[in-house]
There are 2 protein chains.
Amino acid sequence: MQLADAKNQFVAAWGSFGSNWGINRTMAQIHAYLLVSTQPQSTEDIMQQLSVSRGNANMNIRELINWGLVDRVVVHGERKEYFQAEKDIWKVARIIVRERKKRELEPMLKFIESLQQVNEGGTEADIQAFQQTMEGIRKFGRQTDQAMEAMLKAEESWLVSTLLKLVK
Amino acid sequence: MQLADAKNQFVAAWGSFGSNWGINRTMAQIHAYLLVSTQPQSTEDIMQQLSVSRGNANMNIRELINWGLVDRVVVHGERKEYFQAEKDIWKVARIIVRERKKRELEPMLKFIESLQQVNEGGTEADIQAFQQTMEGIRKFGRQTDQAMEAMLKAEESWLVSTLLKLVK
DNA sequence: TTTTTCTTTCAGAAATAATTGAAAGTTTAG
DNA sequence: CTAAACTTTCAATTATTTCTGAAAGAAAAA
């Protein structure tokens, strides 16, 4: 199999994988493209390789930098900006977990907790049922939060080395 | 706080939370609505409460049943179908993990593995760099897959009780 | 069988999200 | 300072996803 074909397939697949998870296609594709580029790439390179406009490229590169998945790098003697992706997949995963935890999980948990203050507008039993449903979600959310926290602090091998033992 | 308000807020929030994760808004809202309903609800109920069309309601209910998150139930003496959601959040989480693992993670892993067969079209170093990137993703994917497998088999408390120890 | 009740389908419409590209803004070089 | 090189912005356009509602299909009742 040809290297160039494999890279193209990877970029396309990463794009559609991303959109299944609420990440826009172009952002995921740029990330994939930088992951399989050996050299830092310019905006022009990205526009040309992925056939996207300058505005689109700029916006999504910026968002990737924002997440901490991509860095600007200076290429000696060149004026324009170049970009490269973090290649260590474990670091990438940690960044994504950290960001989604902060941006989505934590606000959701606060919200659920605020809903537990219900105290009128229904029978005792109805209120209790609602509170229990919220409590289930809250507990699960807290556990997920703690698990993510653990992952962020743990070593690369945390998952398998400990969980496999657990299953046995 | 009023019970009815809390329920409405929950439905709305769950809908927008879902769309951040690639789940369509109405599907998430129907799920949320059934989660906070004490009685099984009919299609009519759902249409009315969420202000959605019959087609939309039908389609998303079916998809929820497909995932295993919602069941059809027979209400004594009634002809039409009623629906209720699984209320145990841990069961819900397991179902979602199982389905996404099957639908997305496993196919992605197969695909990445297929890309590791690259063997021409670049310098030795370039090919190696690509293969290493793929290997990183593959390893991470395999570990995630195993962790999910562990979760599916483990008890409710698997996350915290074991991972917190790990962090210390 | 015929009617009634309920469920499913799907083409078109509406809503939402992503993208373009030209213009404005910024930075560096001369 | 002025021009050139590069980056950012954003209104308008395009693409994608979701939703509607009427019609067709199915199942139960009469």
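A few points on the structure.

Thresholds, definitions, all that
Residues numbered from 1 in each chain as written. Chains lettered and ligands numbered in written order. Predicted model: local features only at pLDDT ≥ 70, side-chain atom pairs only at ≥ 80, totals over all residues. Heavy atoms only, no water. Contact = heavy atoms within 4.5 Å. Buried area = accessible area lost by both parts, 1.4 Å probe. Salt bridge = Lys/Arg side-chain N within 4 Å of Asp/Glu carboxyl O. Polar contact = N/O pair within 3.5 Å; in protein donor to acceptor, adjacent residues only side chain to side chain. Helix = DSSP H or I, 4+ residues; strand = E, 2+ residues; numbered from the N terminus. Buried < 20%, exposed > 50% of the residue type's maximum accessible area, 1.4 Å probe, protein only. Near = heavy atom within 4 Å. Nonpolar A, V, L, I, M, F, W, Y, C, P; charged D, E, K, R; others polar. Expected span 1.5 Å × (residues − 1).

Side note on the interface of chain A and chain B
Contact residues are listed per partner, giving 56 residues for chain A and 57 residues for chain B. Contact with chain B buries surface across chain A, with Met1, Leu3 and Trp21 of chain A losing the most and accounting together for 12% of the total. Applying the counting rule to chain A against chain B returns zero salt bridges. Here chain A is connected to chain B by twelve residue pairs in polar contact (both at pLDDT 80 or more). Elements represented by at least two residues in the side of chain A that touches chain B include exactly α1 (3-19), α5 (89-115), α6 (124-153) and α7 (158-167) of chain A. Take the side of chain A that touches chain B: its biggest share by element is 15 residues, from α6 of chain A.

Let's talk about the environment of Glu120 of chain B
Within the element layout of this structure, Glu120 of chain B appears in the loop between α5 (89-115) and α6 (124-153). When the C-alpha atoms of Glu120 of chain B and Asp145 of chain B are compared, they prove to be 30 Å apart, with 25 residues separating the residues in sequence. At 3.4 Å, the side chain of Glu120 of chain B forms a polar contact with the side chain of Gln2 of chain A.

Describing the pattern of salt bridges
A full pass over the atoms with the stated rule returns 25 salt bridges over all chains. The partner of Glu99 of chain A in a salt bridge is Arg103 of chain A, and the shortest N-O contact between them spans 2.8 Å. Separated by four residues within a single helix, Glu99 of chain A and Arg103 of chain A lie in helix α5, roughly one turn from each other. Residue classification places Arg103 of chain A among the partly exposed residues on the basis of a relative accessible area of 33%. The shortest N-O distance in the salt bridge between Glu44 of chain B and Arg54 of chain B comes to 2.9 Å. One end of the pair, Glu44 of chain B, is in helix α3 (residues 43-50); the other, Arg54 of chain B, is in helix α4 (residues 54-67), with ten residues separating them in the sequence. Residue classification places Glu44 of chain B among the partly exposed positions, given a relative accessible area of 36%. Each of the salt bridges in this network shares a partner with another, and the network as a whole consists of Glu63, Arg98, Glu99, Lys102 and Arg103 of chain A.

Here's the deal with the protein's contact with DNA strand D
Near DNA strand D there are 16 residues, and of these Asn58, Arg79 and Glu81 of chain A together with Thr26 and Ser53 of chain B occur at the shortest range. Close to the protein, within 4 Å, the atoms of DNA strand D are drawn from sugar and phosphate at a rate of 64%. A distance of 2.4 Å separates a phosphate oxygen of DNA strand D from a polar atom in the side chain of Asn58 of chain A. Here a phosphate oxygen of DNA strand D and a backbone polar atom of Ser53 of chain B are 2.6 Å apart. If you tally residues by element for the surface near DNA strand D, the top one is helix α4 (residues 54-67) of chain A, at four residues. Of the residues belonging to the surface near DNA strand D, the class tally is one nonpolar, nine polar and six charged.

Section: helix α1 (residues 3-20) of chain B
Helical geometry note: an α-helix holds 3.6 residues per turn, so side chains three or four residues apart project in the same direction. The end-to-end C-alpha distance of α1 of chain B, which contains 18 residues, comes to 26 Å, matching closely the 26 Å that a straight helix rising 1.5 Å per residue would cover. Residues Leu3, Ala6, Phe10, Val11, Ala13, Trp14, Gly15 and Gly18 of chain B constitute the buried set of α1 of chain B. Contact partners of the buried residues in α1 of chain B: α5 and α6 of chain A together with α2 (25-35) and α3 of chain B. Gly22 of chain B sits one or two residues past α1 of chain B and shows a positive phi near 75°.

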